[in-house]
Amino acid sequence: MTDFLRERYEEVDLTPGQGKITATVSIGLGVLALTTPEFRAFYNAEVLRIALFIGIGIGFVCGFFSVLRHQEKRYGIIGMVLACMAALIGSGRLDVPPVEGRSLYAGLDYFILTLLVLALVFIPLERAFPKDPDQKTLRGGWVTDIKYFLFSHVGLQLISFFTIIPIQVVLHDKVDIGFQQAIASQPLWLQFIEILIVIDLGSYWIHRAFHEVPWLWKFHAVHHSTTQMDWLASSRLHVVEIIANRFIGYLPIFILGFSPSAVYAYLVFVSFHAIFIHANVRFRFPGIRWLIATPEFHHWHHSSEDQAVDKNYAAFLPIYDKLFGTLIMPNRLAAEYGTRASTKVPEGVVDQFLFPFRRDHRQE
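Everything in this summary refers to the structure shown in the same document. For every chain, the first residue of its written sequence is number 1, and the numbers climb from 1 along that sequence. Local features in a predicted model are, by the rule used here, given only for residues with pLDDT of at least 70; side-chain atom pairs are given and counted only at 80 or more, and totals for whole chains, interfaces and linings are based on all residues. The side-chain quantities take in all heavy atoms of the structure and omit both hydrogens and water.

1. Observations regarding empty space enclosed by the protein
Here comes step 1: Grid spacing is 1 Å over the protein atoms alone, the probe is 1.4 Å, and a cavity is where that probe fits but cannot get out, while a pocket is an open set with protein on both sides within 12 Å along at least five of seven lines and lining residues have an atom within 4 Å of a point. Grid points are joined across faces, edges and corners, and a volume is the space filled by probe spheres set on the points. For the coordinates displayed, the defined rule picks out one cavity of 30 Å³ or more.
Here comes step 2: Roughly 30 Å³ of volume is contained in the largest cavity.
Here comes step 3: The wall of the largest cavity is formed by K131, V281, R282, F283, P295, E296, H299, L333 and A334.
Here comes step 4: Residues are grouped as follows: nonpolar covers Ala, Val, Leu, Ile, Met, Phe, Trp, Tyr, Cys and Pro; charged covers Asp, Glu, Lys and Arg; every other residue, Gly included, is treated as polar. For the lining of the largest cavity, a count of residues per class yields five nonpolar, one polar and three charged.

Encoded structure:
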């Protein structure tokens, strides 16, 4: 299946009028309509009922249009079938009972919903303001990256299990409640800034370690293996690196005791920002680019050009790279990406997962 997708759907554009876009929307909405109990706990029942049936209707219409226009009619048919299944299962009524307790899984609908929203934001943005106008919407490597995106969303609770729970177990009786209450009582905007400053300092050094410690670089090289930058490239992360970054990020949050509202605001910001700085956009942001990481700043981090290797480690605040001597910001945009010739990262999620554990490859 993967080879088929790579052969037929990599290095191609989503050209309007061919039925490809509507087939994708139809299948996506069809799957999204088959909600899971875990995700329903976050829905308003009436809003969910209306949204689902609107989504089912749009999905069916898009599937029908795709059947008329797309040579591969089966994709439109799949979308129509999924929409019909969702409608039949609902039978005109949708009950959303309260969900008690938590289980160790996340719904596929969360993945589809996030993917659709981000695609609707970033694909038009990249087409309107492309850094590389010749890069295809479905560029080489997107099939691999969509699998990483799937894992990071469907496996969200599994990742949290290996990060949040160990921190809670270790720190539950070792934190100063009074100190945490003082931190949480601060204005939300101040807490948000403090979270950025504290977490980015830790992220800077863990990121630098993943570059400069040879055995850690093997894991991080997976992220740098993409040779074309876009919003989906941010998802290509080895699971070991994901857990390490989440652990470093959650640790100061639990120790300092920031309020949930400030933490949620930070998480929303960091999620969108991490995708944005990988996007294939040409924005330069004069002035602002020295205060907060921009696509220009982070693209230089991914560049394989000699002057850019092991530079721009900060996730948000370039001041850390300035302070520690790793800042680079030439008066042009980066042009070449990927790992250098001395590090050969294989294609495919499974091979990339195993890559750091093998000894039969050269190191950078």
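2. Some points on the pattern of salt bridges
Here comes step 1: Here a salt bridge means any side-chain nitrogen of Lys or Arg lying within 4 Å of a carboxyl oxygen belonging to Asp or Glu. All chains considered together, the criterion is met by nine salt bridges.
Here comes step 2: Across the pair R236 and D145 runs a salt bridge, and its minimum N-O distance is 2.6 Å. With R236 in the loop between α12 (214-224) and α13 (239-256) and D145 in helix α7 (residues 142-154), the pair connects residues that are 91 residues apart, well separated along the chain. Neither R236 nor D145 differs from the other in exposure class; each is buried.
Here comes step 3: Linking R284 and E296 is a salt bridge whose minimum nitrogen-to-oxygen distance equals 3.1 Å. Note that R284 is positioned in the loop between α14 (260-276) and α15 (295-302) and E296 in helix α15, a separation of 12 residues in sequence.
Here comes step 4: Of the residues examined, R284 reaches a relative accessible area of 26% and is grouped as partly exposed.
Here comes step 5: Exposure categories follow from relative accessible area, calculated using a 1.4 Å probe and restricted to protein chains: below 20% of the type maximum is buried, above 50% is exposed, and the middle band is partly exposed. For E296, a relative accessible area of 2% gives the class buried.
Here comes step 6: Taken together, the shared-partner salt bridges in this structure form one network comprising R139, D145, D230 and R236. Helix numbering and strand numbering both begin at the N terminus, where a helix is a DSSP run of H or I of at least 4 residues and a strand a DSSP run of E of at least 2.

Everything listed is a geometric property; what it means functionally is a separate question.
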